[in-house]
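Listed below are the residues making up each chain.
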Amino acid sequence: MGETAGKMVSGDDLAVWRDSVGEYAGHTQDLYANCVSAYHAFDGLPRLVDGLRLLSVNAGLVSARAGDYGRSIRVLTNFATESVTRLRDVIPQMLSLKRETYETVGSVMRSINDIGKLEAAGTIIMRGQGGQAASLGAVSGAWRARVRTLSAAASRLSTANDHLVAAVRVAREVMLQVELIAANIAIEATTAGPWEAELTAIAETIRAKSVELRAMVDDAGRNLRNATETIVALVGVGSRT
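Presented here is a report on the structure given in the accompanying data block. Computed from a predicted model, the values in this text were never measured in an experiment.

As a packed pair, helix H5 (residues 137-189) and helix H6 (residues 196-235) sit with axes 8 Å apart at the nearest point and diverge in direction by 160°. By the angle between their directions, the pair H5 and H6 is classed as roughly antiparallel. Seen along the crossing, H5 lies across H6 with a hand that is left-handed. Residue composition of the contact of H5 with H6, by class: 26 nonpolar, 7 polar and 6 charged.

Another point: empty space enclosed by the protein. Applying the stated criterion across every chain yields a total of 2 cavities of 30 Å³ or more. Its volume calculated, the largest cavity comes out at about 60 Å³. Looking at the largest cavity, the residues that line it are Leu 52, Leu 55, Ser 56, Ala 80, Val 84, Val 178, Ile 181 and Ile 206. Examining the composition of the lining of the largest cavity, we find that 3 residues originate from one element, helix H3 (residues 45-65), more than from any other. Along the lines of polarity and charge, the residues of the lining of the largest cavity split into 7 nonpolar, 1 polar and no charged. Reported here for the second largest cavity is a volume of approximately 40 Å³.

According to the stated counting rule, one finds 10 salt bridges in the structure shown. The partner of Lys 98 in a salt bridge is Asp 43, and the shortest N-O contact between them spans 3.8 Å. Of this pair, Lys 98 sits in helix H4 (residues 71-128) while Asp 43 sits in the loop between helix H2 (31-40) and H3, placing them 55 residues apart in sequence. Asp 43 sits in the partly exposed class, given a relative accessible area of 46%. Linking Arg 88 and Asp 89 is a salt bridge whose minimum nitrogen-to-oxygen distance equals 3.5 Å. In this structure Arg 88 comes out as partly exposed when scored by relative accessible area, which is 44%.

Criteria and cut-off values
Residues numbered from 1 in each chain as written. Predicted model: local features only at pLDDT ≥ 70, side-chain atom pairs only at ≥ 80, totals over all residues. Heavy atoms only, no water. Axes fitted to C-alpha atoms, helices over the stretch in contact; angles between N-to-C directions. Helix = DSSP H or I, 4+ residues; strand = E, 2+ residues; numbered from the N terminus. Parallel < 35°, antiparallel > 145°, perpendicular 65-115°, else oblique. Left-handed = near helix turned anticlockwise from the far one by under 90°. Nonpolar A, V, L, I, M, F, W, Y, C, P; charged D, E, K, R; others polar. 1 Å grid on protein atoms, 1.4 Å probe; cavity = no way out; pocket = protein on both sides within 12 Å on 5 of 7 lines; lining within 4 Å. Points joined across faces, edges and corners; volume = space filled by probe spheres on them. Salt bridge = Lys/Arg side-chain N within 4 Å of Asp/Glu carboxyl O. Buried < 20%, exposed > 50% of the residue type's maximum accessible area, 1.4 Å probe, protein only.

Have a look at this one:
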């Protein structure tokens, strides 16, 4: 996006000063939806964490009553408690990143809107004055400033996105741990004598929670990948001014 006067579309009367917003359109139309959806995927995470914590406590209580039958279960519930604690600690970080992302995406969209208005004004000036670049100085300066603002906001959004990717990675690791714990509790329950039915029910409920967590992680991951493509494109905008 250098200092070219414009590009000819079909005759002088259709000359366009710049159309960078047209270039961004394919990238930005779903930016807000993808960023927001990545966070909304975890709206049920606090409730899920509470459910897993209660299940871990219940499994521990049953294993204690089961005596020697529940020795292995008690080890597994300790692992479950550690996993749930790790997942719980991610929630405040996600909330902070969510607020930051909302604000930054708003800045990106406002910058794009301003750029579009400036480019339209530049086109009007160019057509009215025969494409004299000198007449576009003020508009060009304002355009450059808004493009730099856009690029800076995109960089902040990229950082927030990277932090969310790391948080989602933790959620995925916990999901795999919970799946493994549920499977092992189910296996141990088969040798728990009179406690088998109760422990099996707990294992099945934990497994159901892990399925729910997997859906959250997959949904967030899909939206993050889509948002990342857009963010990478926008970060490079500043280098083209």
